[in-house]
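# Structural features, examined
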Amino acid sequence: MIDKSFDPKGVEEKWYGLWLEKGYFQADSKSDKPSYCIVIPPPNVTGSLHIGHALDITLQDIMVRWKRMSGFNTLWLPGTDHAGIATQNVVEKELKVRGMSRQDLGREAFIKKVWEWKEQYGGRIIHQLKRLGASCDWSRERFTLDEGLSRAVKEVFVRLHKEGLIYRGDYIINWCPRCHTALSDLEVEHEEVKGRLYHIRYNFAKGDGHVVVATTRPETLLGDTAVAVNPNDKRYKNIVGKVLSLPVLGREIPVVGDEFVDVGFGTGAVKVTPAHDPNDFEIAQRHNLPFIKIMTGDAKMTDEAGPYKGQDRFKCREHIIRDLKTAGLLVEVKDHKHGIGHCYRCKTVVEPYLSKQWFVKIKPLAEDAARAVRKGTVKIIPQGWENSYFDWMENIKDWCISRQIWWGHRIPVWYCSDMKNRECKDQNGIVVTTAAPEDCPYCGSRNLVQDEDVLDTWFSSALWPFSTLGWPDDTDDLRTFYPTSVLITGFDILFFWVARMIMMGMKFMDREPFRHVYIHALVRDATGHKMSKSKGNVVDPLEMTDTYGTDSFRFTLAAFAAQGRDIKFSVKRIEGYRNFINKIWNAARFILVNIKANDEIVSAAEIKNLSLADRWILSRLSSVAAEVNSSLEEYRFNDAANLLYQFVWHEFCDWYVELIKPVLYGSDEDRRRASLSAVVHVFEVSLGLLHPFIPFVTEELWQHLPASAGKPATAGRPENLCVRAYPTAADGIVDKNAESKMALVKEAVMGVRSIRGELNLSPSLELKALIRASDETVDVLNKNISYISKLAKTSSIEIGCDVMRPEGAAVSVNPSLEIFVPLKGLFDVESEIRRLNREAVKIEESLSFIQKKLSNEEFVNKAPKAVVDENEAKYEELNKKMQSILSGIDKLKQLGNT
RNA sequence: GGGCGGAUAGCUCAGUUGGGAGAGCACAGCCCUUACAAGGCUGGGGUCACAGGUUCGAGCCCUGUUCCGCCUACCA
């Protein structure tokens, strides 16, 4: 016999190990079965599992297990991302502890170090995914720096370059002075801050007069090469072309006219710092202004900054403000709210910085990717995200892909140092090729130097759906599993990753990388705040699984995963679902206790002598199975989970199990065996339905069921639940007649219980009940009187269409029947009168509402007949109920008076 | 600045073609009834943010307002 309660420890490890051993999660690259494939959003190798992963993994595992059981050739392809900047930062930090920098080590040794780190710690998150029960095909695990994936990266780079979609040039990019690298626009997080707007006076070089400019970064004036005004601005029309003297440095700079300048903002005059601001960069190009770099990659001031040379940018700001003040050139300082960009990896304020970088010309790729979604080739769920997707795609700017770090895919570009002939010079000595060249293909020189930079990590993850399946080779995996079925991820990487995968998929595979994109919610803390280490409000998934079991945790996540709304997670919530798991466990215990040695369990179709309760639960089972399947089909995880919760707990346990207890304990062997088979069957199917959500406890319990349970008609029973055919409506037996009869039985039971409950009568007190109903109902109730007497705890029941209300009886009026419970001396007349009065008030409200509707001619004329009829019927019913209650009250009052 | 989402029971949230609103938790009362006290039974509790409009009828459709999130943007 199984234990009194479920202990997840041990069970989880046992089954996960066994599933792996039997190779259930392994996909077949040459199967006739329809394929179903998900590629995992590869977590960073540096990462450790957080609750967002847990949700992501749980939802994917639900889909994959469901499809696997439903007969698909299923591949869930796992892996990790090398996470260039993040990983490099981690290892650099370790070096720093020992007083070393990566430069001290040198490139090669440093990279070796990172690999060592990766081998040692990179598996951590994979191990954690396994603890969640992820049914990935681990034989296909990939890493973005794998040999194969690296080939794909080079291939893509070279092809895009050949087509002119990758180019190199000097532009203003986002520079992180701490990570010492360029960042793409996406990698900059904007944060609104209360800053200051400094109004600074620039005097004319000759003669009197001045112009006042406004800036938030006064230190950049050291690199100014002009002041711009709008040529249409009356205030400044006449000064265009004049020469100003740059404050502090005294360098002479012109006033230029440029329509970019907003007349209404600040003073209407803008200082132009071409090497340190993207807009100024463009203005400078239009007016042929010089570019002066005043900062180094460390954000320290250069020689060009004169007296400020060597100062940190923010120190310099302070100094320059002081100096301007002293010189009387600081006109005004205003409070000013504006956005400031921060590095998404280290949160340092990024600096717009002029440098030579590689870019992807993104428009053509974005257009195809947008079209794929517009045409429905890729469907985004929930659809609301499509707007953001289109918006981003339409306003997209070229993608800076080079990073000045060492950990990553080295850019497959070599520079010829000699440029010995014309051709080589024409190409600027640039050699772009997948294989490292020995000598220059243009001039034959052997002095080739590879580009020092590596590619943006997201460049390689953009290829993930096909690079992991073997591209650029033409593999069976690619043919079988591409396009993949669905991508499940959070919205935070919609642009970073999802959009770019669609671009690259369309470009290199000519097909969408996935048919569906399911965007799930963000997991927040109980009060709705984003979880973060600094806030200290993170919930550790592993702690949850340790305390409550993986199944409880997974079910909680699924039950709260409603589309389009964030999940507020709290420990309180997981407790409720832990109780649910325990409820399932105990239902199993009940069943197992009641199976005797010689009992033969037969399949639902073979059971003879089905009782009403059996037929009812089988019918409900059928509906539930159908609804769970259709919910999953539409990614309505919460609906599926809640449906099962409701069914298993409140229909199966609360009603069905109670209904069959007398049968299982009774002496009618035929009946007993019928219900026993039925209860085993329904439970077995329920375990199947639940398995994708809570794989461990279901597998464990399933193994305890008699071997004949869950046996398909044709073949033998599978060895494990995780490969059982996923239940469908056909696993139950639809019987609407049984459902409506059961409804009457339940009505009778609840009516009596209600009287008992509200009058505070002890559950152990057996009551006498009289039920009045229509002939038809009377017939049904009489045939099932044993159910009622058992569940309502009655000593005797009288049912008839002309049953009279006895004196001193409590009354319960229900839609299809009236119940009287004689309680002479057992209860307080006054409290029963109060109860009935409360009831009467409610009914009166309803009556007057419907009355109002029915007396409205327009309603009667315009509303559909069915609706009108329904209202009329309801009115009749309520009216009858009202009469009954009123007379009840009346009689009780008489009783009280005598 | 642009865009998106949310506002429903004390709390967290469902509510899929518009026909007088549901769940879980919490709360109250009665129960250790031989699967389960991590349980059973019963009950209380809501002008569905606000104001208009469409309609016989609105939580649901339209317009506006307020509050709260998020995404996005080069206004110095």
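What you see is a predicted model; the values in this text were computed from it and never measured. (Residues numbered from 1 in each chain as written. Chains lettered and ligands numbered in written order. Predicted model: local features only at pLDDT ≥ 70, side-chain atom pairs only at ≥ 80, totals over all residues. Heavy atoms only, no water.)

Our focus in this paragraph is the overall build of chain A. Along the backbone of chain A there are 29 helices and 29 strands. Relative to a compact globule of 898 residues, whose C-alpha radius of gyration would be 29 Å, chain A shows 37 Å and is clearly more extended. Counting only C-alpha atoms and orienting by the principal axes, one finds that chain A spans roughly 115 × 65 × 55 Å. The buried share among the 898 residues of chain A stands at 55%. At a minimum sequence separation of 6, the contacts of chain A that also span at least 24 residues come to 77%. (Helix = DSSP H or I, 4+ residues; strand = E, 2+ residues; numbered from the N terminus. Rg over C-alpha atoms; globule rule 2.2 N^0.38 Å. Buried < 20%, exposed > 50% of the residue type's maximum accessible area, 1.4 Å probe, protein only. Contact = heavy atoms within 4.5 Å.)

Between Ile381 and the following residue, Pro382, the backbone shows a cis peptide bond with an omega angle of -5°. With respect to the helices and strands, the residue Pro382 is situated in the loop between strand E15 (379–381) and helix H11 (385–394). Residue Pro472 is reached from Trp471 by a cis peptide bond, and omega for that bond is 10°. Its place among the elements puts Pro472 in the loop between helix H14 (464–467) and helix H15 (476–481). The residue Asn288 is not glycine, and still its phi comes out positive at about 55°. In this fold, Asn288 is placed in the loop between helix H8 (278–287) and helix H9 (313–327).

In this section: the sheet that holds strand E14 (residues 351–360). Think of a sheet as strands paired side by side through backbone hydrogen bonds, with each pair either parallel or antiparallel. Strand order in the open sheet made by the 4 strands is E6-E5-E14-E16, with antiparallel pairing throughout. In this open sheet, the two edge strands, each paired with only one partner strand, are strand E6 (181–183) and strand E16 (399–400). (Pairing = 2+ DSSP bridges.)

Among the 11 residues of helix H18 (residues 550–560), 10 are classified as buried, and the element is accordingly described as predominantly covered. Within the sequence span of H18, burial applies to Thr550, Asp551, Ser552, Phe553, Arg554, Phe555, Thr556, Leu557, Ala558 and Ala559.

Take the protein's contact with RNA strand B next. Close contacts around RNA strand B come from 62 residues, with Asp262, Arg565, Trp649, Ser846 and Lys862 the closest. Separating a phosphate oxygen of RNA strand B from a side-chain N or O atom of Lys397 is a distance of 2.8 Å. Asn760 places a side-chain nitrogen or oxygen 2.6 Å from a sugar or linking oxygen of RNA strand B. Put simply, the parts of the chain that give the surface near RNA strand B at least two residues each are strand E8 (210–215), strand E13 (330–343), helix H19 (571–594), helix H21 (637–665), helix H24 (736–758), helix H27 (829–854) and helix H28 (857–862). (Near = heavy atom within 4 Å. Polar contact = N/O pair within 3.5 Å; in protein donor to acceptor, adjacent residues only side chain to side chain.)

The next point concerns the environment of Leu448. By the secondary structure assignment, Leu448 is in strand E20 (residues 448–450). Separated by 130 residues in sequence, Leu448 and Glu318 have C-alpha atoms that sit 45 Å apart. Dropping the residues within four chain positions of it, Leu448 is found in contact with Trp414, Tyr415, Cys416, Val431, Pro437, Glu438, Asp439 and Cys440.

Turning our attention to the side chain of Asn629. Assignment of secondary structure puts Asn629 in helix H20 (residues 612–633). A relative accessible area of 17% means that Asn629 is categorised as buried. From its side chain, Asn629 meets the backbone oxygen of Pro727 in a polar contact 2.9 Å long. In this structure Asn629 touches Trp66, Tyr726, Pro727 and Thr728, once residues within four positions along its chain are discounted.

The next point concerns the nonpolar core. Counting 226 residues, the largest nonpolar core has Phe459, Phe652 and Phe693 as the members making the most contacts within it. The element best represented in this core is H21, accounting for 16 residues. Of all hydrophobic cores here, the second largest spans 30 residues; its members include Tyr202, Val213, Leu221 and Leu222. (Core = buried A, V, L, I, M, F, W, Y, C linked by side-chain atoms within 4.5 Å.)

Running from amino to carboxyl end, H20 crosses H24 at an angle of 115°, the nearest separation of the two axes being 8 Å. Between H20 and H24 the crossing geometry is left-handed. Contacts between H20 and H24 involve Leu612, Arg615, Trp616, Ser619, Arg620 and Ser623 from the former and Lys736, Asn737, Ala738, Glu739, Lys741, Met742, Val745 and Lys746 from the latter. Considered class by class, the residues forming the contact of H20 with H24 number 5 nonpolar, 3 polar and 6 charged. (Axes fitted to C-alpha atoms, helices over the stretch in contact; angles between N-to-C directions. Left-handed = near helix turned anticlockwise from the far one by under 90°. Nonpolar A, V, L, I, M, F, W, Y, C, P; charged D, E, K, R; others polar.)

Within the secondary structure, Phe652 sits in helix H21. On the basis of relative accessible area, Phe652 is assigned to the buried category, the value being 1%. Sequence-wise, Phe652 and Ala587 are 65 residues apart; in three dimensions their C-alpha atoms are separated by 8.9 Å. Non-local contacts of Phe652, meaning those with residues more than four positions away in its chain, are made with Ala587, Ile591, Ile617, Phe647, Val657, Val679, Val682 and Phe683.

For the rest of this paragraph, the subject is the packing of aromatic side chains. Counted according to the given criterion, the structure contains 41 aromatic pairs. Both rings, one in Trp392 and one in Phe495, keep their centres 4.8 Å apart while their planes meet at 15°; by these two values the pair is stacked. In this pair, Trp392 sits in helix H11 while Phe495 sits in helix H16 (residues 494–508), placing the two residues 103 residues apart along the sequence. Among the residues examined, Phe495 registers a relative accessible area of 23% and is labelled partly exposed. Put simply, the rings of Phe555, Phe560, Tyr577, Phe580, Tyr645, Trp649 and Phe693 touch in pairs and so form one group of aromatic residues. Its guanidinium or amino end placed over the ring of Trp399, Arg500 lies 3.9 Å from that ring's centre, counting from NZ or CZ. Taking the ring centre of Trp655 as reference, the NZ or CZ of Arg753 above it sits at 5.1 Å. (Phe/Tyr/Trp six-rings, centres within 6.5 Å; stacked < 30°, edge-to-face > 60°. Lys NZ or Arg CZ within 6 Å of the ring centre and 35° of its normal.)

A word on helix H17 (residues 541–548). Of all the residues in H17, the buried ones are Pro541, Leu542, Met544, Thr545 and Tyr548. Down the axis of H17, the buried side of the element spans an arc of 160°, and every buried residue falls inside it. Looking at the buried residues of H17, the elements they touch are helix H1 (8–21), helix H2 (51–69), helix H6 (124–131), H18 and H19. By the N-cap criterion, in which a side-chain oxygen at the helix start approaches the backbone nitrogen of a residue two or three places on, H17 is capped by Asp540, the distance to Leu542 being 3.0 Å. (Arc of directions from axis to C-beta.)

Here helix H7 (residues 147–162) crosses H16 at 75°, and the two axes come no closer than 12 Å. As summarised for this structure, H7 and H16 are arranged roughly perpendicular, according to the angle between their axes. Facing H7, whose interface residues are Val156, Arg159 and Leu160, H16 presents Met504, Lys507 and Phe508. When its residues are assigned to classes, the contact of H7 with H16 shows 4 nonpolar, no polar and 2 charged. (Parallel < 35°, antiparallel > 145°, perpendicular 65-115°, else oblique.)

As a further point, take the pattern of salt bridges. Any two side chains of opposite charge can pair, on the condition that their charged atoms come close. As enumerated under the stated definition, the model contains 55 salt bridges in all. Between Asp439 and Arg446 there is a salt bridge; the shortest N-O distance is 3.9 Å. Residue classification places Asp439 among the partly exposed positions, given a relative accessible area of 34%. Classification of Arg446 as exposed rests on a relative accessible area of 58%. (Salt bridge = Lys/Arg side-chain N within 4 Å of Asp/Glu carboxyl O.)

The strand order E19-E18-E20 describes an open sheet built from 3 strands, whose pairing is antiparallel. The two strands at the open ends of the sheet, each matched to only one other strand, are strand E19 (430–432) and E20. The sheet shows a mean angle of 30° between the axes of neighbouring strands, direction not considered. As paired elements, strand E18 (residues 413–416) and E19 share 3 bridges and run antiparallel to each other. Residue pairing in the sheet places Trp414 in a bridge with Val431 of E19.

To continue, consider the pairing of E8. Of all 6 residues making up E8, 5 are buried, and the element is well covered by its neighbours. The sheet contact formed by strand E7 (residues 188–204) and E8 spans 6 bridges and is antiparallel. Note on E8: the bridge partner recorded for Tyr198 is Thr215. Linking E7 back to E8 in an antiparallel pair, the connection comprises 5 residues, with Gly207 at a positive phi of about 75°.

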